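Residues per chain, in single letters:
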Amino acid sequence: MSKKTAVQIDDLTVAYNYKPVLWDIDLEIPEGVLMAIVGPNGAGKSTLIKSVLGILKPIAGSVSIYGKSYEKQRSLVAYVPQKGSVDWDFPTTALDVVMMGTYGSLGWVKRPRQKEKKAALEALEQVGMLPFKNRQISQLSGGQQQRIFLARALVQDASIYFMDEPFQGVDATTEIAIINILKALRKANKTVIVVHHDLQTVPEYFDWVTFLNVKKIATGPVKDIFNDDNLTKTYGINYKVSIQK
Amino acid sequence: MSSAQLEIQLIASLVAIACAIPGTFLVLRKMAMISDAISHSILPGIVVGFFITQDLNSPLLIVLAALTGVITVVLVEQIQKTGLVKEDTAIGLVFPALFSIGVIMIAKNANDVHLDVDAVLLGELAFAPFDRLLISGVDVGPKSLWIIGSILVITVALLFAFFKELKLSTFDAGLAASLGFSPVIIHYGLMTVASVTTVGAFDAVGAILVVALMITPAASAYLLTTDLKKMLFLSIFFGVFSAISGYWVAHWLDASIAGSITTILGLLFLVVYLFAPSKGLIAVMYREKQQKIEVSLLTFLLHLKNHTEENERHVNHLREHINWQKIRAKTVVDLALKNNMITIDKHIVSLTEKGDDFTSQAIDYIITNEDAQIEDMKDDFFLFRG
Ligand SMILES: Nc1ncnc2c1ncn2[C@@H]1O[C@H](COP(=O)(O)OP(=O)(O)OP(=O)(O)O)[C@@H](O)[C@H]1O
Ligand SMILES: [Mg+2]
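Calculation rules
Residues numbered from 1 in each chain as written. Chains lettered and ligands numbered in written order. Predicted model: local features only at pLDDT ≥ 70, side-chain atom pairs only at ≥ 80, totals over all residues. Heavy atoms only, no water. Helix = DSSP H or I, 4+ residues; strand = E, 2+ residues; numbered from the N terminus. Buried < 20%, exposed > 50% of the residue type's maximum accessible area, 1.4 Å probe, protein only. Contact = heavy atoms within 4.5 Å. Areas by Shrake-Rupley, 256 points an atom, 1.4 Å probe, with all protein chains shown as cover. Axes fitted to C-alpha atoms, helices over the stretch in contact; angles between N-to-C directions. Parallel < 35°, antiparallel > 145°, perpendicular 65-115°, else oblique. Nonpolar A, V, L, I, M, F, W, Y, C, P; charged D, E, K, R; others polar. Donors = N, O, S within 2.8 Å, 3.2 Å for Na, K, Ca; no water. Buried area = accessible area lost by both parts, 1.4 Å probe. Salt bridge = Lys/Arg side-chain N within 4 Å of Asp/Glu carboxyl O. Pairing = 2+ DSSP bridges. Near = heavy atom within 4 Å. Polar contact = N/O pair within 3.5 Å; in protein donor to acceptor, adjacent residues only side chain to side chain. Expected span 1.5 Å × (residues − 1). Left-handed = near helix turned anticlockwise from the far one by under 90°.

Let us now look at the overall build of chain B. Along chain B, the regular secondary structure elements total 15 helices and four strands. Relative to its 386 residues, chain B shows a buried fraction of 50%. Relative to all contacts within chain B whose residues are 6 or more apart in sequence, the contacts with residues 24 or more apart total 65%. Carbon together with sulfur atoms contributes 65% to the accessible area of chain B, which is approximately 18,600 Å² in total.

It is worth spelling out the packing of helix H2 (residues 32–53) of chain B against helix H8 (residues 183–224) of chain B at this point. Residues and elements named next belong to chain B. Contact pair H2 / H8: the axes reach a minimum separation of 9 Å and the direction vectors enclose 90°. Taken as axis vectors, H2 and H8 run roughly perpendicular relative to one another. In this structure, H2 contributes Ala32, Ile34, Ser35, Asp36, Ile38, Ser39, Ile42 and Ile46 to the contact, and H8 contributes Met191, Ala194, Ser195, Thr198, Val199, Phe202, Ala207, Val211, Met214 and Ile215. Residues of the contact of H2 with H8, tallied by class, amount to 13 nonpolar, four polar and one charged.

Take the coordination of the magnesium ion (ligand 2) next. Residues and elements named next belong to chain A. In the first shell of the magnesium ion (ligand 2), the protein supplies Ser46 (OG) and Gln82 (OE1), at 1.9 to 2.5 Å from the metal. Here the residue Ser46 occupies a position in helix H1 (residues 45–52), and Gln82 occupies one in the loop between strand S5 (77–80) and helix H3 (94–99), the gap between them amounting to 36 residues. Given a relative accessible area of 25%, Gln82 falls into the partly exposed group.

All right, on to the interface of chain B and chain A then. How big an interface is tends to be expressed through the accessible area that disappears when the partners come together. Residue-level contacts link 33 residues of chain B with 37 residues of chain A. Interface of chain B and chain A: buried area, both sides summed, is about 3,000 Å²; carbon and sulfur atoms make up 61% of it. Run the count over chain B and chain A and you get three salt bridges. Across the pair Lys167 of chain B and Asp96 of chain A runs a salt bridge whose closest N-O atoms are separated by 2.7 Å. Of all the secondary-structure elements, those providing two or more residues to the side of chain B that touches chain A are helix H6 (143–171), helix H7 (173–178), H8, helix H9 (228–253) and helix H15 (371–377) of chain B. A per-element tally of the side of chain B that touches chain A places H6 of chain B first, with ten residues. Classifying every residue of the side of chain B that touches chain A by side-chain character gives 16 nonpolar, seven polar and ten charged.

The next subject is the sheet that holds strand S4 (residues 60–65) of chain A. Residue and element names in this part refer to chain A. Across the sheet, which stays open at both edges, the three strands sit in the order S2-S1-S4 with antiparallel pairing between neighbours. The open sheet has two free edges, formed respectively by strand S2 (19–30) and S4, since each of these has just one partner strand. For this sheet, the mean inter-axis angle between neighbouring strands, taken without regard to orientation, is 15°. Of the pairings in the sheet, the one linking strand S1 (residues 5–16) to S4 comprises five bridges and is antiparallel in character. In the sheet register, Asp10 faces S4, and the bridge partner there is Ser62. Running over the sheet, H1 touches S1, S2 and S4 and is turned about 115° from S1.

This part covers the site of ligand 1. Residues and elements named next belong to chain A. Around ligand 1 lies a shell of 14 residues, among which Asn41, Gly42, Lys45, Ser46 and Thr47 are the nearest. Separating an oxygen atom of ligand 1 from a backbone N or O atom of Gly44 is a distance of 2.9 Å. Between ligand 1 and Ser46 there is a distance of 2.7 Å, counted from an oxygen atom to a side-chain nitrogen or oxygen. With the chains in place, 62% of the 640 Å² that ligand 1 exposes on its own is no longer accessible. Elements with a contribution of two residues or more to the shell around ligand 1: S2 and H1. Per-element accounting of the shell around ligand 1 gives the leading share, three residues, to H1.

The next subject is H9 of chain B. All names here are of chain B. Across its 26 residues, H9 extends 36 Å between first and last C-alpha, which sits within 8% of the 38 Å expected from 1.5 Å per residue. Residues of H9 that are buried: Leu228, Met231, Leu232, Ser235, Phe238, Gly239, Ser242, Ala243, Ser245, Gly246, Tyr247 and Ala250. Buried residues in H9 make contact with helix H1 (3–28), H6, H8 and helix H10 (257–275). Two to three positions downstream of the cap, the backbone nitrogen of Lys229 sits 2.8 Å from a side-chain oxygen, assigning the N-cap of H9 to Asp227.

Bringing the packing of H1 of chain B against H8 of chain B into the picture now. Residue and element names in this part refer to chain B. Between H1 and H8, the least distance of the axes is 5 Å, while the angle of their chain directions is 60°. Taken together, the axes of H1 and H8 lie oblique to each other. Considering the relative orientation of H1 and H8, their crossing is right-handed. Here the residues of the contact of H1 with H8 are counted per class, giving 25 nonpolar, three polar and no charged.

We now examine the pattern of salt bridges. All told, the structure shown has eleven salt bridges over all chains when counted by the stated rule. Residue Glu122 of chain A pairs with Lys118 of chain A through a salt bridge whose shortest N-O separation is 3.9 Å. Of this pair, Glu122 of chain A and Lys118 of chain A both sit in helix H5 (residues 114–126), four residues apart, roughly one helical turn. Residue classification places Lys118 of chain A among the exposed residues on the basis of a relative accessible area of 55%. Where Lys305 of chain B meets Asp356 of chain B, a salt bridge forms, and the shortest distance between an N and an O atom there is 3.1 Å.

Shown next, in the form of structure tokens:
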């Protein structure tokens, strides 16, 4: 495989209050993969994504997106935060939240206009949330909120998507709808990186996987490295679950 | 109405608008306490500024005092960052310290300084019209009107320019950062506006009224709307309404203007808190009661569905069996009858076809608990809700 590298992480160390939560991470994510990041609660999965996106400042190491710093490549990257990271009682509508995805391309001061609104409506349509566009966000179910976040990332029209637990609290139907969208993104040669908790579905949904628990345990194609050995190393306990390949 | 009266109301209204704008974002960011901290800790800034300028209305004094406000925020955040105490504790540590430094500075120099703690905390709106701004000898109006007017113009301009950035970083600081809108800059921008407004207004209305005007209108508006722009307009409206009606209440009762305005603000919040259509206390209690009845109705219908034998479906037996107080039983039976879910024939209750359908659907819903299904059922399942 002579694929381009979409994301390159070198010697990344991140700490909150001097307690390192990510330790010397090296990671190379090839273009066009649909990658799962797996690891137990508190493993530093969210922290890893936040450091790549410049939300957190690492104490050491560097990140590059297609060979350049993140600051230069912002427009290539979209982000779906963990659902619990925002206040869903905030006074705003589904459409308005999706429009926020266009703010990056607008830059400071400029307001969204018809063009941005149209893009947001299309993204809502794509995730099947168009009928809810004027709903206040607290009046959406958990799965619907997750779809709104997905639509917001889609509207960014990026090359690389980072998604922090997009399947959290969604029912089976929504999960399939979301994974189909992710697979469509991969087909368009986009790189999609997903924090994922349901180990059973990893082989079915993803073609690439990274095991993380403070340190990087392993990274590579699912068919090569998604095995009991790596799972045990990551989760500590003996992981003899029957994961069908 | 004399021109002095008009000027007082104008000043109070402008202060209300200037406070409502940053106040709305403070409330949404759950930072109401910070405005309290700022309003107290600017005191040393004001005192130092006054020593240097000898003029309570000097722009330099406003800048110095506003700086103290921002320093307060920084100190609170630094203490909080140590992870040893929570935010409210950090606030509680910082502002009394700064405030008391201010008080000591005033006390030490009380003889030659025209400045006292009461004036800073409570202000005196009634005197505001007497301090005139003269430009080459021409009286152009009260000084406080010009000060707060300028601050308001700047605040509104900033709001128009950065509304999108403020909204985004308040709702989702993570996304804001990843898109390159530094949430830190926006945060300190907002803190600076709040500090400048507090300082600019303290002379006219006092620090306490500033806090009340920042937080109370926004908190009331928050209960009434689900749209950020409407929340801003409502906050402004509530602020101005309280300012003007507070003025007249004070006028009739011959009481303190700031005190009356604060009281009106409090009453206004109370009314909204009780009667707000969906988030108000009464609406919430009403909804909870309706939900209880819904659950009872469902229990009742399930029982009917599970028991075909007639003795289980006798009206009197049902009362005993499900063990409800008579009143509740009657409410539920009436409701079921009204919705054509049951029929009563010679004291024997039976499900109608509709009731049977409804119950099956409800069981389905309870078991699967699927989002999509809630949407489908909202029409017929939630009898009371929209
Ligand atoms: N703001 C913070 N301040 C201090 N410690 C933090 C902060 N955020 C996270 N941590 C700590 O850093 C570690 C990694 O957190 P992170 O959120 O990255 O984990 P995660 O792998 O995403 O977990 P989860 O599966 O629960 O989402 C945890 O031990 C957590 O307690
Ligand atoms: Mg996480």
